[in-house]
Amino acid sequence: MTLQLRAIALYSHSDERREVMFDLGCLNIVTGGPQTGKSSLLRIVDYCWGRSDFVVSGGGVIRDTVAWFSILLDRDGEGIFIARPNAEPGGRSSDEIYFQRNVAVLPDSSKGFHKNVTADGLRDHLSILLGISENVYEPDRRTTQRPALEASASQAIFFCLQAQYEIADPRLLFHRQGEDGITAAIRDTLPYFVGAMGDDHYINQKRYADARARLRDREREFNDAQALSSKASVTAESLLGEAKRVGLVPPDVFADTPVQLREILATAAAPRERAYAKMDDPAADLTDLEDRRQRLREELQNIRDEIGDLKRLEREASDYVAEAHEQQVRLSAIGLVSGEGDHPDRCPLCESHLATPVPSVTDITRSLAGLGRQLNSVHRDNPRLQGRIAELEAKRTDIEGLHRAVQSDIAARIADNERLRIEQDQFTEQARIAGRIGYYLENVRTVTSNDGLKLEVARLRAEVAALEKKLDLDLLEERLTTALGFVGRDLTDIAGTLALEHGNNPLRLDRRRLTVVADTIKGPLMLPNIGSGANWVGYHVAAHLALHKLFRARHRPVPAFLMLDQPSQAYYPPDRDVGEVDVHDEDQIAVTRLYQLLLDYCTTTETPMQIIVVDHVELLQDWFRGAMRQRWRDGIKLVPVSWLSQEVDEE
């Protein structure tokens, strides 16, 4: 089964078609001058193969004139047509893909093109057409966390394209190798594409995973059942300890036999009534008590304030009485003086004249009488004051008693709430443990002589061992080493034919670094360390031809075509053409040798191989001209000039 390229076609906005036809199983050359659209051919194939980003270049010419890009593949005589529209404004690729099988020739018009498949669906179709079987590569989890990868048409195309900027790059051996994730994808899928991983590897992997899962389940059942039949299992003993801890069984209960252990666990898992103190709303009740305590505190404070005010008044009255009494005693002494002949300016004792008149006896007697009335008033009010103080102190005593009672109720309610919470937590934990024990008892079963569980475990162990042998990773690596050994052998032969530097040393493809290595007497020499662009181009060509020879020999699901973009660039700049071979021009001889190799490769390979080369070089030999499919010079380009004039007219 081979998949090759019959044609590449463009459709203009006015629905005109421009096609480039290729012959199957041979060398196809498209030659032309600079800026004629040669490199766009490879990018159109890449884009129509399902690439997510738009890569077709060509500047404004292609952007303004082309409506659809298309390729026509050939799968053992069946035509496979794929078309994708030009990029949307802003350069974004379109998700519109037209896919059709059993197409004999290129459609004349693009009017019937419409979206009938997604990009993922296209890749699935191409994988089926290539014959890619179910597969998956599991990277070594000890060294990487990359996810498993299934080889598909998306990775197969990496071995079929060499863009202009890739073929002469010593660091990039494969198409898109420099992009994120592509290097790992090539490295992981290479074992499948070279045949180191058999087509039944994926099925065996699935069978192995399924058998391992079933074996683990049966072994666990068998161990538990065996434990309950002969000795207590770790799980059962652990569950018994949990049951004791939460109070499902008394702490002094022990099982002497597995049967007793199972009976104890059954008792622990049995349904039971779980009653605990209930309270409508513990939080609300506690809030009421706290509100009441606050009111009592406020009332108690008011009484204390009033008692303080009354005692202060009593103390002030007592002080007034003492002072008034002393004043009264002083004034009473005046009573010794007679009241007759009272003259304020004469001394009552010696009858001498006074410069400052003294109060008269009448004034003193009147003052003394006033003091007496005030003292009588104070003595009359003092018993009522003391009575009020006594009344308030009695009330304060009662409220303090109520406050202590409410405080006690609050403390008791907090204790009740905490006890209730602990009880609820304990009952919840008991229910959880009882559920685990019940689940364990429902799913464990005892081993009997006729249930076949032991035999099933033995059979699964044998199945897993057999599948492990088939999936032996060491054996896979050996197969990969063998496959790459064939690639290295052919790589060395081709390098010798091209007279590449270090081509006389054993060459090999380094899978880990994805590069060519020459094993010299002084040590390994990787491609970036081998000088000159001519050698880099030569080793790119040699490596891909060697790989495709293995693909074809092993009938691997990789397209049987190889597109090379300007392999002569290392010898001549793009604006220089090569005509008749000058036997003294080493560069021309090297270019001729390269093309002769490509021509011979297609004709001598047992399985047909198609090589498509776009280049500016144009050799004059008949065999070269016989391989030319298009010559783009003298105004002939990928996009016809008439399409440009149409665009101008429309503007």
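Residues numbered from 1 in each chain as written. Predicted model: local features only at pLDDT ≥ 70, side-chain atom pairs only at ≥ 80, totals over all residues. Heavy atoms only, no water.

Asker: Looking at this model, I keep getting lost on the overall build of the chain. Mind explaining?
Answerer: Helix and strand counts for the chain come out as 17 helices and 13 strands. Burial analysis of the chain (651 residues in total) assigns 44% to the buried set. Intrachain contacts of the chain at a sequence separation of at least 6 include 71% that bridge at least 24 residues. As displayed, the chain offers around 34,100 Å² of accessible surface, 51% of which is attributable to carbon and sulfur atoms. (Helix = DSSP H or I, 4+ residues; strand = E, 2+ residues; numbered from the N terminus. Buried < 20%, exposed > 50% of the residue type's maximum accessible area, 1.4 Å probe, protein only. Contact = heavy atoms within 4.5 Å. Areas by Shrake-Rupley, 256 points an atom, 1.4 Å probe, with all protein chains shown as cover.)

Asker: Which parts of the structure should I look at to understand the pattern of salt bridges?
Answerer: Two side chains of opposite charge can pair, provided their charged atoms sit close to one another. For the structure shown, the criterion picks out 40 salt bridges. Between R625 and E618 there is a salt bridge, and its shortest N-O distance comes to 3.3 Å. The exposure class of R625 is partly exposed, given its relative accessible area of 36%. Classification of E618 by relative accessible area gives buried; the value is 7%. Via salt bridges that share partners, D46, R51, D53, R176 and E179 belong to a single interconnected network. (Salt bridge = Lys/Arg side-chain N within 4 Å of Asp/Glu carboxyl O.)

Asker: It is not clear to me how the sheet that holds strand β11 (residues 561-565) should be interpreted in this structure. Could you clarify?
Answerer: Taken in spatial order, the 5 strands of this open sheet run β7-β11-β12-β3-β13, and their pairing is parallel. The sheet is open, and its two edges are formed by β7 (161-162) and β13 (628-632), each paired on a single side. Relative to β13, strand β3 (residues 27-32) runs parallel, the two sharing 4 bridges. Counted as the bridge partner of V30 is Q630 from β13. Packed onto the sheet, helix α1 (residues 38-48) meets β3, β7, β11, β12 (610-615) and β13 and runs at close to 140 degrees relative to β11. Lying on the sheet, helix α15 (residues 586-604) is in contact with β3, β11 and β12; it crosses β12 at an angle near 155 degrees. (Pairing = 2+ DSSP bridges. Axes fitted to C-alpha atoms, helices over the stretch in contact; angles between N-to-C directions.)

Asker: What is the right way to look at the environment of R293 in this model?
Answerer: Mapped onto the elements of the fold, R293 is located in helix α10 (residues 282-332). By relative accessible area, which is 15% here, R293 ends up buried. C-alpha of R293 to C-alpha of H403: the two residues are 110 residues apart in sequence and 6.2 Å apart in space. Not counting residues within four places of it along the chain, the set of residues in contact with R293 comprises H403, V406, Q407 and I410.

Asker: For this particular structure, what's the right way to read unusual backbone geometry?
Answerer: Among all residues except glycine, the phi angle is most often negative; among peptide bonds, the trans geometry is most common. Non-glycine residue Q35 carries a positive phi angle of around 60 degrees. Within the secondary structure, Q35 sits in the loop between β3 and α1. Assessed through its relative accessible area of 76%, Q35 is described here as exposed. Despite not being glycine, L514 has its phi angle at roughly 55 degrees, a positive value. Position of L514 relative to the elements: it lies in the loop between β8 (507-510) and β9 (515-520). We classify L514 as buried; its relative accessible area is 1%.

Asker: Whenever I open this one, the side chain of K38 confuses me. Can you help?
Answerer: Along the chain, the position of K38 falls in helix α1. At 3.5 Å, the side chain of K38 and the backbone oxygen of G32 are in polar contact. In contact with K38, other than residues within four places in its own chain, are V30, T31, G32, G33, Q566, V614, D615, H616 and W632. (Polar contact = N/O pair within 3.5 Å; in protein donor to acceptor, adjacent residues only side chain to side chain.)

Asker: When you look at α1 in this model, what are you seeing that I'm missing?
Answerer: Each α-helix turn comprises 3.6 residues. Residues three or four places apart therefore point the same way. By the criterion of burial, α1 is predominantly enclosed, with 10 of the 11 residues buried. If you check which residues of α1 are buried, you get K38, S39, S40, L41, L42, I44, V45, D46, Y47 and C48. Looking one or two residues beyond α1, the residue adopting positive phi is G50, at roughly 115 degrees.

Asker: Please clarify how a nonpolar patch on the surface should be interpreted in this entry.
Answerer: Taken together, the side chains of V61, V641 and L644 define a hydrophobic patch exposed on the protein surface, amounting to about 220 Å² of accessible area. Assignment of secondary structure puts V61 in helix α2 (residues 59-65). (Patch = residues over 30% accessible without salt bridge, like charges linked within 9 Å, V, L, I, M, F, W, Y side chains within 5 Å.)

Asker: How do you make sense of the packing of helix α14 (residues 533-553) against α15 when you look at a structure like this?
Answerer: Helix-helix packing: each pair is described by the crossing angle between the helix axes and the interaxial distance. Where α14 meets α15, the axes come as close as 12 Å, and the angle between the chain directions of the two elements is 5 degrees. By the angle between their axes, α14 is roughly parallel relative to α15. Facing V541, L545, H548 and K549 of α14, the residues of α15 in contact are L594, L597, L598 and Y601. The residue makeup of the contact of α14 with α15, split by class, is 6 nonpolar, 1 polar and 1 charged. (Parallel < 35°, antiparallel > 145°, perpendicular 65-115°, else oblique. Nonpolar A, V, L, I, M, F, W, Y, C, P; charged D, E, K, R; others polar.)

Asker: It is not clear to me how the confidence of the model for the chain should be interpreted in this structure. Could you clarify?
Answerer: Detailed reading of predicted coordinates is not advised where the pLDDT is low. For the chain, the average pLDDT comes to 83, and 85% of its residues sit at 70 or higher. The secondary structure element of the chain with the lowest average pLDDT is helix α17 (residues 641-650), at 67, and the one with the highest is β11, at 95. (pLDDT = per-residue confidence, 0-100.)

Asker: Help me understand the nonpolar core, please; the structure alone is not making it clear to me.
Answerer: Among soluble globular proteins, nonpolar side chains are generally buried collectively. The biggest cluster of nonpolar side chains holds 113 residues, and the ones touching the most others in it are L27 and I611. For this core, the leading source of residues is α14, giving 11 residues. Ignoring anything within four residues of it in the chain, the contact list for L27 reads Y595, L598, L599, C602, I611, V613, A627 and R629. If you look at the next biggest cluster of nonpolar residues, it comprises 15 residues, including L240, V246, I433 and A434. (Core = buried A, V, L, I, M, F, W, Y, C linked by side-chain atoms within 4.5 Å.)

Asker: How should the environment of T492 be read in this particular structure?
Answerer: Examined against the element boundaries, T492 turns out to sit in helix α13 (residues 473-497). Taking the C-alpha atoms as reference, T492 lies 8.2 Å from A542; in sequence the two are 50 residues apart. Polar contacts involving the side chain of T492 include one to the main-chain amide nitrogen of L507, which spans 3.0 Å.

Asker: Whenever I open this one, the packing of aromatic side chains confuses me. Can you help?
Answerer: Given two aromatic rings, one states the distance between the centres and the angle between the planes to describe the pair. Scanning the model with the defined rule gives 12 aromatic pairs in all. Here Y11 and F113 contribute two aromatic rings whose centre-to-centre distance is 5.2 Å and whose plane-to-plane angle is 90 degrees, an arrangement assigned as edge-to-face. Taken together, the positions of Y11 in strand β1 (residues 3-12) and F113 in the loop between β6 (98-101) and α3 (119-130) put the pair 102 residues apart, joining distant regions of the chain. Taking relative accessible area as the criterion, F113 reaches 9% and is therefore assigned buried. These aromatic residues form a ring-pair network of at least three members: Y11, W68, F81, Y98 and F113. The ring of Y47 is capped by R84, whose NZ or CZ atom sits 4.0 Å from the centre of that ring. A cation over an aromatic ring shows up here: K244 above the ring of F254, its NZ or CZ 3.8 Å from the ring centre. (Phe/Tyr/Trp six-rings, centres within 6.5 Å; stacked < 30°, edge-to-face > 60°. Lys NZ or Arg CZ within 6 Å of the ring centre and 35° of its normal.)

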